[in-house]
Amino acid sequence: FMVSIFLGESAYAIYRNGVIQIPFLDTVYHSIAIVVMPTLATMFFNRQRADIIDLKKRIIVQSAALVYPPLIFILVFHHPLIVTYLSAKYTESAIIFFIFNLGLFLKINYYQDLLLIAQKTGYIFSVFVLGFCLNVGLNYWLIPQFGLVGAASATLVTYAVVAILLLYKTSKLLET
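Summarised in this report is the structure supplied together with it. Owing to the predicted nature of the structure, the values given are computational and were not obtained by experimental measurement.

This part is about the pattern of salt bridges. The final tally for this structure, using the stated rule, is one salt bridge. We note a salt bridge from Asp-113 to Lys-56, for which the minimum N-O separation is 2.6 Å. Taken together, the residues span a long stretch of sequence, with Asp-113 in helix α7 (residues 113-117) and Lys-56 in helix α4 (residues 49-76) at a distance of 57 residues. Looking at Asp-113, the relative accessible area reads 2%, which means it is buried. Owing to a relative accessible area of 9%, Lys-56 belongs among the buried residues under this scheme.

Another aspect to go through is the environment of Gln-48. Note that Gln-48 resides in the loop between α3 (28-45) and α4. For the pair Gln-48 and Lys-172, spaced 124 residues apart in sequence, the C-alpha to C-alpha distance is 15 Å.

Under the definition given, this model contains five aromatic pairs. Taking the centre distance of 5.8 Å and the plane angle of 65 degrees together, the rings of Phe-6 and Tyr-140 count as edge-to-face. Note that Phe-6 is positioned in helix α1 (residues 2-7) and Tyr-140 in helix α8 (residues 121-146), a separation of 134 residues in sequence. Arranged with centres 4.9 Å apart and planes meeting at 50 degrees, the rings of Phe-73 and Phe-77 form a pair that is tilted. When the ring centre of Tyr-159 is taken as reference, the NZ or CZ atom of Lys-107 above it lies at 5.4 Å. Across the ring face of Tyr-123, the terminal group of Lys-169 is positioned such that the distance to the ring centre comes to 5.1 Å.

Remark: helix α2 (residues 9-18) packs on helix α6 (residues 93-102), axes separated minimally by 7 Å, with the N-to-C direction vectors making an angle of 45 degrees. One finds that α2 runs oblique with respect to α6. The handedness of the crossing between α2 and α6 comes out as right-handed. Residues Ile-14, Tyr-15, Asn-17 and Gly-18 of α2 touch α6, and the partners they reach there are Ser-93, Ile-96, Phe-97 and Phe-100. Residues of the contact of α2 with α6, tallied by class, amount to five nonpolar, three polar and no charged.

Together, Phe-1, Ile-5, Phe-6, Leu-7 and Tyr-140 give the surface a local cluster of nonpolar side chains, amounting to about 590 Å² of exposed area. The dominant element in the nonpolar patch, judged by the number of residues it contributes, is α1, at three residues. You can call Ile-5 exposed: its relative accessible area is 55%.

Another aspect to go through is unusual backbone geometry. Despite not being glycine, Ser-87 has its phi angle at roughly 95 degrees, a positive value. Tracing the backbone shows Ser-87 in the loop between α5 (78-86) and α6. With a phi close to 55 degrees, Glu-175 is a non-glycine residue in the positive phi region. If you trace the backbone, Glu-175 turns up in the segment after α9 (148-174).

This part takes up α4. Its 28 residues place the ends of α4 39 Å apart at the C-alpha level, agreeing with the 40 Å of an ideal helix rising 1.5 Å per residue. Helix geometry: α4 is bent most strongly at Val-67, by close to 30 degrees, with proline Pro-69 lying one to four residues after it. Residues Ile-52, Ile-53, Leu-55, Lys-56, Ile-59, Ser-63, Ala-64, Val-67, Leu-71, Ile-74 and Leu-75 constitute the buried set of α4.

What follows is about the packing of α5 against α6. Helix-helix packing is described using two parameters, namely the angle between the two axes and the distance between the axes. The interhelical angle for the contact between α5 and α6, taken along N-to-C directions, is 120 degrees, at an axis separation of 9 Å. Considered as vectors, α5 and α6 are oriented oblique to each other. For the pair α5 and α6, the crossing hand works out as right-handed. Contacts between α5 and α6 involve His-78, His-79, Ile-82 and Leu-86 from the first element and Ser-93, Ala-94, Ile-95, Phe-97 and Phe-98 from the second.

The rules behind these values
Residues numbered from 1 in each chain as written. Predicted model: local features only at pLDDT ≥ 70, side-chain atom pairs only at ≥ 80, totals over all residues. Heavy atoms only, no water. Salt bridge = Lys/Arg side-chain N within 4 Å of Asp/Glu carboxyl O. Helix = DSSP H or I, 4+ residues; strand = E, 2+ residues; numbered from the N terminus. Buried < 20%, exposed > 50% of the residue type's maximum accessible area, 1.4 Å probe, protein only. Phe/Tyr/Trp six-rings, centres within 6.5 Å; stacked < 30°, edge-to-face > 60°. Lys NZ or Arg CZ within 6 Å of the ring centre and 35° of its normal. Axes fitted to C-alpha atoms, helices over the stretch in contact; angles between N-to-C directions. Parallel < 35°, antiparallel > 145°, perpendicular 65-115°, else oblique. Left-handed = near helix turned anticlockwise from the far one by under 90°. Contact = heavy atoms within 4.5 Å. Nonpolar A, V, L, I, M, F, W, Y, C, P; charged D, E, K, R; others polar. Patch = residues over 30% accessible without salt bridge, like charges linked within 9 Å, V, L, I, M, F, W, Y side chains within 5 Å. Areas by Shrake-Rupley, 256 points an atom, 1.4 Å probe, with all protein chains shown as cover. Expected span 1.5 Å × (residues − 1). Bend = angle between axes of the 7 residues up to and from the residue.

So far we have only geometry, and geometry alone does not tell us how the molecule works.
Below you can see the structure in the form of structure tokens.
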């Protein structure tokens with residue numbers, strides 16, 4: 001919406017074609033988290049914090065092992081991949097694709113799982129509201145300064161802030 005307002009519809013088309021999440025890689029962490037959620041809940045209610053931490057470490061390492069190699073390959077070759085996929089007309093979308101998918105380095109953990117189990121939904125909601133406001137503010141500031149790169153960067157920064165805030169609360173919850 002903000003890209004379209006600040007830069008016009010043709011810039012929006014370039015931006016929209018660049019904000020493609022890499023299929024499969026963006027769902028690995030979530031798929032694993034859904035499978036282990038009942039185990040985490042049992043451990044949480046039995047106050048097995050050390051076991052939760054060990055399990056979460058294993059999940060994160062396994063997710064990284066699955067996600068990072070193809071992600072690095074795709075990011076290294078982002079330009080020819082996007083040009084081949086979308087045509088040379090959308091060559092400017094390649095940098096947007098690159099920046100936007102840097103966020104996948106953070107998507108090796110489901111940051112909400114233990115907070116959901118601990119019924120901290122109000123905190124989760126407030127973090128996402130803060131993330132929304134941060135994203136709007138950063139877009140308002142960065143799009144006029146840096147164009148499409150600013151819009152993609154705003155999304156990446158917002159995702160990192162949301163992940164950090166959720167991880168911080170989870171760490172406090174686990175007393176680690």
